[in-house]
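Structure assessment
Chain by chain, the residues:
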Amino acid sequence: MKAFSIYLTGVGGQGIGLISEIILRAADHAGHRVKSVDTHGLAQRGGIVVSQIRMGDTVFSPLIPSGQADLVISLERHEALRAAGTVLKDRACLIYYNTVWQPLPVRLNQAAEVTENDIRDLCRGRGIQVISVFQTDLPDIRMQNMAVLSEIHRHGLIPGIDRKHYQAAMADLMSGAMLEENRGLFDKRLTT
Amino acid sequence: MHKLLADSPGKKMLLLGNEAIARGAIEAGVAFATTYPGTPSSEISLNLFRVSHESDLYFEYSTNEKVALEVAAAAANSGLRTFCMMKHVGLNVAADPLMTLAYVGVKGGLVILTADDPSMFSSQNEQDNRYYGKLSGLAILEPSSVEEARQMTAEAFDLSEKLGEPVILRTTTRVNHSSAFVELGKITPRKIKGDFKKDPFNFVTVPAVSRRLHVRLLENWDKAQAMAETSTFNFTDGNGTWGIICNGVSYNYVSDAVKDLGIADKTRILRLGFSHPMPPNLIKAFLNACEKVLVAEEGEPVMEEAVKAFAQEAGLTLPIAGKGERLFSRLYEFDPAMVRRVMAGYFGVPHAPSQPPDLSDVPEIPQRPPNLCAGCSHRATYYAVKKAAEGRETIYPTDIGCYTLGFLPPLAMGDFLICMGSSVSTACGFSKATDKKVIAFIGDSTFFHSGLTGLVNAVYNNHNFTLVILDNGTTAMTGHQPNPGVDMSNLNLSGYGRISIEAVVRAIGVEHVTVIKPYKVNKSIEAVKAALDHKGVSVIISQEMCTLYARSLKKLNVRAFTVTDKCKNHRDCINQIGCPAFFLEGERVQINPNTCVGCAVCAQICPENAITPVKAKKAG
C-alpha cells in the first residue's frame, strides 16, 4: 500500500502505548507492513507522549517527516492542537478525545487553556477534518483511548483496516474482563 | 513462558527494538548479563531480568556501569557469552575498565551495548559514543532497524569471539524505541559454567604486560578492519554516481528520501553497519565510482572525517560533504524531511518542501514539561526542605532521576547537575568555595551508583553541607528496576542481600543522620531544620515508596482528597507544590479524583484546612 503516517499523542499515563500497539497489530492482521516509534523514559512523567506509526510497502523510517502525518490521534485537547499545528498535512485529519490535562502554566494561571474553537480555527484554515470525541458515561477514564479507537474505525480513518482486525489486535493484548469491557465499548459506539 | 524464549525460528513477532536486541542475545546463547539501567537501553535489561527468572541465564543489576563491565569482563574471560548494557553516558562510568579490557581481550563473546540518545530525550548530553571505538580500538556494530538489531546482536557475539575482543553495539534512541514485526532466529543453547585459566602474563596489566597487549590490540584492530571490508553489514544500494554514506537510522531517512525524490537511478548508498574500524578499500572503491558524495550521520562527523582521509590517501578529489560544510548539524537527531531537503540541495534535485503551516493566528500553546507525579514523595520532601531553608541563602546540587524534575517551578529545587553522583561531590566543592548553605539531593539508586564515594570524601575532608537522600524504594525513572537498597521480596525474589542506606551513612561516619517520612510535613520540616543547623555533613533520608511502583505492587491505598467550600482561594496548594492532581476550574482550585493518590501534603499546607478526604460513599 501507499505510505500512511499516523501520529499519536497525549499526556504520559493516558494509554497512548495501548492504542498505538492495537493499531500496529491491527495493521499487521490486515496484511500491511507497519512500524512504529515511541517516547519512553523521562517524558512519561506527565510530559507529552508520542507514538508514530508508518504503514506502507517501502517505508524505511518509522519517524514521520515533519508536516507529513496523514492522521493525528490525540487523547488530549492541548496536544491535539500542538500536533495538528506541527506534524499534520494540510487537508488531513485530526481526531481527539476532548478532555483536558492542564499543563503547568495553565494550572499556575500563567497561560490560557486551549479551547475547542482554537482547534477548529486552525484546522478550518488548512482544510483539516476535525473529529472531537467525548463520552459522558465512560466507566473509566483509562478507556478514553478505546472510545477514540472506535471512532477511528467508524469514520474509516485508517485505510485497509477493518473491524475484525481491530478486534483481533485487542484480543492479542488484553484478556478477561479488561478485554470484554474494552471491546464492549468499542462495539457499542459503532452501533449507536 | 517469556515471549523472548519462544523457540520458534521463522515466526514473526512484534518487538520493540530493545526486545529484539534482547532476543538477539538469547539467540546467540548469552549466559551472563549485567547492566545499570538507563534510557534508552532499559527495556533490554528489563526483559533479560525476566528471562533470567525462567531460565539459567545469569542476570544482574549491577551497582553502576563500571561494576557491570568488570563483572562482565570476568565472566567473558571465563569463557561465557556475556552481554553488558548501558546508556551512552554509562560508558563514561565504565570507560576505565573498557580501555584496558581492550588490551586484555575476552575468551567468550562479550558485547557491550551503548544506547546513545541524540536530541537528549532522557539524557544530560548527546555525546557520540562511536568515539569510544576509536579510543579503545574496539569494533562497533550499528543497526538501522529493529529487525537488524536482532540479527546484529546475535552476530556481535560471534565477531567478539573471532577477534578475542569485546564488541561495541551502538544504538540510538530511535532504534531502541521503534517497534516492528521481526522474524525470529534459532536459539543457540547457552553454556552457563565457565572456567578461568591462570595466565597472569596476559591478564595482569602491569606495564611490561600491557606493552605487549597493546601490540596485540592493534593486530586485532587490523583483523577487525579486514573483516569490515567484507562484512555483510556494510553494503551498497544502487549503481549511480551520487554517493551517500550513512549508518544507523540515517540509512532509513536516506532510503526514504531517494524514493521520494525519485533519484534511485542516480544514487549509490553505502550503509556502514560494521562502522569501526572503517574499511578503507571498500570506501575507496565506493568513492571511485562516485562523482560526489554526501555523508549523512547523526552526531559527530566520525565517518565523514575518515572518508575524507581515505579520499586523500587514494588521491581522489571528488567533493565530499557533510557536517564540515555545515550541510548537516552536529546537534540533535535527524528529521527525515531535513535529510531529504539536504540531499535535494546537494545533488541539485528540484524539490518543493512542504511549507511549515502558518501558526500566527493560533494562540500560543502552553508548554508541557514532564513533572513529578501526583502524590510523588519527592514533592513533599522538596517542600519540607524549602520551608526549612527559608531565610537562608542556599545552593541545591541535584542528581539524576525523576527527582531532577523538582528543579522546575513552582518547587525550583535544583541548581546544579552534571552527572550521576555529582550532587554529593559538587556539594563538597560549593560548600568550600562559597558561604551559602549547600543542600544536595540524590536518589537511592544513584546514591549506590556513585554517591557513596562523594560522601566518603565529604566526611574525610570535613565538608559542611546537608545531603538529602530521596529513598523511594526503587529506580523509578528508568522503569522501577531494583537497586541494592530494595526489598527484593516485593518482587517475590529471594537470594539477594539488602543494604540499609542509614547503616551505610552512619558507618561512613556521618554524625547527624535523620530518617523522615516526607508525607508528615511539619515533622519533616523540623527534622530538616535540625540537619541544616548541624555543622559538618548531615544526612536526611526521606523514605516513601514511589507511588507508581506502590501501585504496581498493589500497595497503594488511594483515598482522594477534595477542596471544600472553606477554600478562600489563596492557592498556596497549587502555587507552592503544583501537584498535577490540581486543576483550575474557572478561578477555583479543584482536585482530580482520578489522579489524586491521597498523600495529604496539600491538606497539611492549606491554612484554611479546606482540603479533606473525599467522604466514602455510605453503603446501600
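As a starting point, this report considers the structure included with it. (Residues numbered from 1 in each chain as written. Chains lettered and ligands numbered in written order. Predicted model: local features only at pLDDT ≥ 70, side-chain atom pairs only at ≥ 80, totals over all residues. Heavy atoms only, no water.)

Focus on the overall build of chain A
Of the regular secondary structure elements, chain A holds seven helices and six strands. The helix and strand sequence of chain A, counted from the amino end, reads β-α-β-β-β-α-β-α-α-β-α-α-α. What you see for chain A is a C-alpha radius of gyration of 16 Å, in line with the 16 Å of a compact globule of 192 residues. Considering chain A as a whole, with its 192 residues, one finds that 61% of them fall into the buried category. Across chain A, every contact between residues at least 6 apart in sequence was considered, and the portion connecting residues at least 24 apart equals 67%. For chain A, the exposed area adds up to about 7,300 Å²; of that, 47% sits on carbon and sulfur atoms. When the 21 basic and 20 acidic side-chain charges of chain A are each reduced to a single mean position, those positions are 4 Å apart. (Helix = DSSP H or I, 4+ residues; strand = E, 2+ residues; numbered from the N terminus. Rg over C-alpha atoms; globule rule 2.2 N^0.38 Å. Buried < 20%, exposed > 50% of the residue type's maximum accessible area, 1.4 Å probe, protein only. Contact = heavy atoms within 4.5 Å. Areas by Shrake-Rupley, 256 points an atom, 1.4 Å probe, with all protein chains shown as cover. Lys, Arg positive; Asp, Glu negative; His and termini not counted. Charge placed at Lys NZ, Arg CZ, Asp CG, Glu CD.)

Thoughts on the sheet that holds strand S3 (residues 58-61) of chain B
Residue and element names in this part refer to chain B. Within the open sheet, the seven strands sit side by side as S3-S2-S4-S5-S7-S6-S12. Their pairing is mixed. In this open sheet, the two strands that pair with only one neighbour each are S3 and strand S12 (274-276). Taken pair by pair, the neighbouring strands of this sheet meet at an average axis angle of 25 degrees, ignoring direction. (Pairing = 2+ DSSP bridges. Axes fitted to C-alpha atoms, helices over the stretch in contact; angles between N-to-C directions.)

Notes on the interface of chain A and chain B
The partner chain B presents 55 residues to the 53 residues of chain A that form the contact. Summed over both partners, the interface of chain A with chain B comes to about 4,600 Å²; 59% of that surface belongs to carbon and sulfur atoms. With a closest N to O distance of 2.5 Å, Glu79 of chain A and Arg368 of chain B form a salt bridge. Linking chain A with chain B are 16 residue pairs in polar contact (both at pLDDT 80 or more), by the criterion used here. If you list the elements that add at least two residues to the side of chain A that touches chain B, you get helix H1 (16-29), strand S2 (34-38), strand S3 (48-55), helix H2 (77-86), helix H3 (104-107) and helix H4 (116-125) of chain A. Per-class residue counts for the side of chain A that touches chain B are 25 nonpolar, 15 polar and 13 charged. Here S2 of chain A runs beside strand S8 (residues 178-183) of chain B; their pairing, made up of three bridges, is antiparallel. The residue of S8 of chain B that forms the bridge with Val37 of chain A is Ser178 of chain B. (Buried area = accessible area lost by both parts, 1.4 Å probe. Salt bridge = Lys/Arg side-chain N within 4 Å of Asp/Glu carboxyl O. Polar contact = N/O pair within 3.5 Å; in protein donor to acceptor, adjacent residues only side chain to side chain. Nonpolar A, V, L, I, M, F, W, Y, C, P; charged D, E, K, R; others polar.)

Things to note about unusual backbone geometry
Residues and elements named next belong to chain B. Along the chain, His276 connects to Pro277 via a cis peptide bond; the corresponding omega equals -5 degrees. Summarising the element assignment, Pro277 is placed in the loop between S12 and helix H12 (280-288). The residue after Pro409, namely Pro410, is reached through a cis peptide bond having omega 5 degrees. Its location among the elements puts Pro410 in the loop between strand S15 (394-395) and helix H16 (422-433).

Structural notes on the pairing of strand S5 (residues 110-116) of chain B
Residue and element names in this part refer to chain B. The buried fraction of S5 amounts to seven of the seven residues, a majority that puts the element mostly inside the structure. Because side chains alternate across S5, one face comprises the buried residues Leu110, Ile112, Thr114 and Asp116, and the other comprises Val111, Leu113 and Ala115, equally buried. Pairing of strand S4 (residues 82-87) with S5 involves six bridges; the strand directions are parallel. By the bridge assignment, Met86 is partnered in S5 with Thr114. Bridge count between S5 and strand S7 (residues 167-172): six bridges; the pairing is parallel. The residue bridging Leu113 from the neighbouring strand is Leu169, located in S7.

Section: helix H13 (residues 302-313) of chain B
Residue and element names in this part refer to chain B. With twelve residues, H13 ought to run about 16 Å at 1.5 Å a step, and its terminal C-alpha atoms sit 17 Å apart, in line with that. Every buried residue of H13 is listed here: Val302, Met303, Glu304, Ala306, Val307, Phe310 and Ala311. At its buried positions, H13 is contacted by helix H6 (130-136), strand S10 (242-246), strand S11 (267-272), H12, strand S13 (292-296) and strand S14 (320-321). (Expected span 1.5 Å × (residues − 1).)

Examining the packing of H12 of chain B against H13 of chain B
Residue and element names in this part refer to chain B. At a closest axis distance of 10 Å, the pairing of H12 and H13 adopts a crossing angle of 75 degrees. By the criterion of interaxial angle, the relationship of H12 to H13 is roughly perpendicular. Residues Pro280, Ile283, Lys284 and Leu287 of H12 form the contact with H13, whose own contacting residues are Val307, Phe310, Ala311 and Glu313. In terms of residue class, the contact of H12 with H13 is built from six nonpolar, no polar and two charged. (Parallel < 35°, antiparallel > 145°, perpendicular 65-115°, else oblique.)

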